[in-house]
Amino acid sequence: MITGSMFRDSIISAANNISNSRQAVDALNVFPVPDGDTGTNMSMTIAAAAKEMEALPDDCTIAEASKKCSSALLRGARGNSGVILSLIFRGFAKGFKGLDSAGGRNVANALQKGVDAAYKAVMKPTEGTILTVVREASEAAAEMADIQDDPLEVGFAALQAAKEALAKTPELLPVLKKAGVVDAGGQGLVLVFEGMESVWYNNAIIQPINGREVKTVSTASKSTVANASDDIKYTYCSEFLIQKSSMAKHKDPHRLRAFLESIGDCVVVVDDGDIIKVHVHSNEPGNVIQAALKYGQLINIKIDNMKYQHKNAEVGVEDGEEVITPSVKESENEYGFVAVCAGDGLKELFFDIGADTVVSGGQTMNPSTDDIFNAVMNTPAKTVFVLPNNKNIIMAAEQAISLAKDREVRVLQTQTIPQGISALLAFDKSVSADENQMNMSSAASAVETAQVTFAARDSEVDGRKISEGEIMGLCNGKIKFIGDDITEIAFKSADKIFKRDVYSLVTIIYGEGANEEEAVKVEKALTDKYGSDIEISVVNGGQPIYYFIISAE
């Protein structure tokens, strides 16, 4: 049987094991953009749990240990890989609930609950990732549990299956095969399982290697990911209300959201009693309507052609409301805002346009769920909108929703700094939270983002070799330009996202490694080409990692 103290020690061992190898896991990232590295994120996530485990007594039950582990992982989760890891162990807490110790079937059941939680949290699961590794480990555990109710044999079977699944990830994801590596998240999970197995099988806690332990960082030092939507990828903006019907074929709004995510983006599905409020951008408004009719009658239907609107109207957002005074814990205001960014200039900018609290973090230092939760609780509002401004922070932010008991938390899907700025400027205190969420999401999706950074590692993307240190221009998250001159790459990137007669405003945010003179040089090149058709603002963001963040709207 696996006792509480064995589970406790296995988490400490797992944290040490992945910490010892975190740099090797980080190196598995195939995309050359400096990012919130998987090994570091997973190490910091489970390190939060290990710290809590050290305080548990030898006579703790496995229910107590797994519950405390799950809570610590949830709050300490960083990046998508860290969130998924926390969800896997949330399954352990559910599976071991009420138990003093666990047998083989208990272990298999707990692992399956973790798989269910992880897959449910990811809207579009990708095989060849950590999800595949944990799923196949769970399947092997269940098969072994049917043969013998021995937790050591079940755990060993799960570990072996995880290793085999990891080895196959390059066959499922061509980008991994081309780079000759396995999935970083999957590798991190195998290291966690190996650390646990060392205690379960050998009663030996893997010890940390001197100098490799992960230290808690109080303030982050990196900026944002660039993974915005492609050029007006979806034409139609559909908004409507569904009057629920007891006779409806479908009743779970999560199922509707999953379908809408599969055919579009900027999805908002809000279950509000007898009404479901829906917003989505798609190329299939007819299919949107047909899917919604399975839940009840539709009212207040509005469908707009966004490409037509862009061609016939100047795109922009009104100035936001006045700045709300700095945070207190009492929910004294109706609405409040938390933004994530790095750089003194960007921090000041978000405060200027209405943010109550700014969480330091971004590209290579993803804030934890607890960081975001604390910011929410220090925001004086009944409803708090969170702007992650980074694709790899959204899942961690969403985990904070369930932690806030005395206020409502709404996480907007902002993936870049410009998206966060436009979303916040689109807020209107005279309309409801649901309408604001739709309007702010729409404003964010209308923004094109270009970023100029350096290659963190040698790589090959879309058949092009990229050497470490080369300058890269990303347009909506995709590498489009490579060179050695940051102003030249910045101009090409800005020129790529700006479309005459569609956009009119460009904002150039320069950060560390660039200066105002270089930003003005980019501004002049754009003005020379587009003349009066373009309005340009230059901002000192002070952000690390990215020489320039440029938006078009």
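Residues numbered from 1 in each chain as written. Predicted model: local features only at pLDDT ≥ 70, side-chain atom pairs only at ≥ 80, totals over all residues. Heavy atoms only, no water.

Peer 1: Any chance you could break down the overall build of the chain for me, citing the residues and the numbers?
Peer 2: A tally of regular secondary structure across the chain gives 20 helices and 18 strands. Looking at the chain residue by residue over its 553 residues, the buried ones come to 58%. The long-range fraction of contacts in the chain, counting pairs at least 24 apart against all pairs at least 6 apart in sequence, stands at 74%. (Helix = DSSP H or I, 4+ residues; strand = E, 2+ residues; numbered from the N terminus. Buried < 20%, exposed > 50% of the residue type's maximum accessible area, 1.4 Å probe, protein only. Contact = heavy atoms within 4.5 Å.)

Peer 1: Outline the packing of helix H3 (residues 38-53) against helix H5 (residues 79-95), supporting the account with residue identities and numerical values.
Peer 2: Taken N-terminus to C-terminus, the directions of H3 and H5 make an angle of 40 degrees; their axes are 7 Å apart at the nearest point. Comparing their axes, H5 and H3 come out oblique. In the crossing of H3 with H5, the sense of the turn from one axis to the other is right-handed. Facing Thr38, Asn41, Met42, Thr45 and Ile46 of H3, the residues of H5 in contact are Gly79, Ser81, Gly82 and Leu85. (Axes fitted to C-alpha atoms, helices over the stretch in contact; angles between N-to-C directions. Parallel < 35°, antiparallel > 145°, perpendicular 65-115°, else oblique. Left-handed = near helix turned anticlockwise from the far one by under 90°.)

Peer 1: Mind laying out the nonpolar core, listing which residues take part and the relevant values?
Peer 2: Formed by 71 residues in total, the largest nonpolar core has its most connected members in Phe7, Ile11, Ile46, Phe89, Val192, Phe193 and Met196. Ranked by residue count, the leading element in this core is helix H10 (residues 184-202), at nine residues. Ile11 has contacts with Ile46, Ala49, Ala50, Met53, Cys69, Phe89 and Met196, leaving out every residue within four places of it along the chain. (Core = buried A, V, L, I, M, F, W, Y, C linked by side-chain atoms within 4.5 Å.)

Peer 1: Explain the packing of helix H7 (residues 130-147) against helix H8 (residues 151-172) to me, and be specific about the residues and the numbers.
Peer 2: Packing of H7 against H8 brings their axes to within 7 Å, and their N-to-C directions diverge by 145 degrees. Relative to H8, the crossing made by H7 is right-handed. The segment H7 lies against H8, with Thr132, Val133, Glu136, Ala137, Ala140, Ala141, Met144 and Ala145 engaging Glu153, Val154, Ala157, Ala158, Ala161, Ala162, Ala165, Leu166, Lys168, Thr169 and Leu172. The residue inventory of the contact of H7 with H8, partitioned by class, reads 14 nonpolar, two polar and three charged. (Nonpolar A, V, L, I, M, F, W, Y, C, P; charged D, E, K, R; others polar.)

Peer 1: Describe the pairing of strand S3 (residues 236-244), listing the residues and the values that go with them.
Peer 2: Relative to strand S5 (residues 275-282), S3 runs antiparallel, the two being bridged by eight bridges. Its bridge partner lying in S5, Ile242 is registered against Ile276. Pairing of S3 with strand S6 (residues 296-305), which is carried by eight bridges, proceeds in the antiparallel orientation. Following the sheet pairing, Ser238 is matched in S6 by Ile303. (Pairing = 2+ DSSP bridges.)

Peer 1: Go over helix H17 (residues 417-425), please, and point to the residues and values.
Peer 2: Among the nine residues that make up H17, nine are buried, leaving the element largely enclosed by the rest of the structure. Of the residues making up H17, those classed as buried are Ile417, Pro418, Gln419, Gly420, Ile421, Ser422, Ala423, Leu424 and Leu425.

Peer 1: How would you summarise the sheet that holds strand S17 (residues 535-540) if you had to cite specific residues and measurements?
Peer 2: The strand order across the open sheet built from six strands is S15-S14-S11-S18-S16-S17, with neighbouring strands paired in mixed fashion. Pairing within the sheet leaves two strands with one partner each, and these edge strands are strand S15 (478-483) and S17. Strand-to-strand twist of the sheet, defined as the mean angle between neighbouring strand axes without regard to direction, takes the value 20 degrees. Sheet topology note: the strand S16 (residues 505-510)/S17 ladder contains six bridges and is parallel. The partner of Ile508 across the bridge, within S17, is Val538. Each of S16, S17 and strand S18 (548-552) touches helix H20 (residues 516-530); the most contacted strand, S16, lies at about 160 degrees to it.

Peer 1: Residues and numbers for the environment of Gly128, please.
Peer 2: In this structure, Gly128 sits in the loop between helix H6 (104-121) and H7. Those residues in contact with Gly128 that sit more than four places away from it in its chain are Thr169, Leu172, Leu173, Leu176 and Asp183.

Peer 1: So, helix H12 (residues 285-292): which residues are in play, and what are the values?
Peer 2: Every buried residue of H12 is listed here: Pro285, Val288, Ile289, Ala291 and Ala292. Seen end-on, H12 carries its buried residues on one side only, within an arc spanning 165 degrees. Where H12 is buried, its residues meet S3, helix H11 (253-263), S5 and S6. (Arc of directions from axis to C-beta.)

Peer 1: Before we move on, could you go through the pattern of salt bridges and cite the residues and values that matter?
Peer 2: Taken as a whole and assessed by the stated rule, the structure comprises 20 salt bridges. Two residues, Glu261 and Arg257, come together in a salt bridge whose shortest N-O distance is 3.3 Å. Here Glu261 pairs with Arg257, and both are found in helix H11, just four residues apart, close to one helical turn. Glu261 sits in the buried class, given a relative accessible area of 15%. Of the charged contacts, one joins Arg410 and Asp434 as a salt bridge, the two residues approaching to 2.8 Å between their closest N and O atoms. Here Asp434 lies in helix H18 (residues 433-445) and Arg410 lies in strand S10 (residues 408-411), a separation of 24 residues in the sequence. In this pair, the class of Arg410 matches that of Asp434, namely buried. Among the charged side chains, a network of salt bridges with common partners joins Arg8, Asp9 and Asp58. (Salt bridge = Lys/Arg side-chain N within 4 Å of Asp/Glu carboxyl O.)

Peer 1: Which residues make up the environment of Asp149, and what values go with them?
Peer 2: By secondary structure assignment, the location of Asp149 is in the loop between H7 and H8. For Asp149, a relative accessible area of 43% translates into the label partly exposed. Here Asp149 is in contact with Gly103, Gly104 and Arg105, once residues within four sequence places are set aside. A polar contact of 2.7 Å, which involves the side chain of Asp149, links it to the backbone nitrogen of Gly104. Polar contacts involving the side chain of Asp149 include one to the main-chain amide nitrogen of Arg105, which spans 2.7 Å. (Polar contact = N/O pair within 3.5 Å; in protein donor to acceptor, adjacent residues only side chain to side chain.)

Everything listed is a geometric property; what it means functionally is a separate question.
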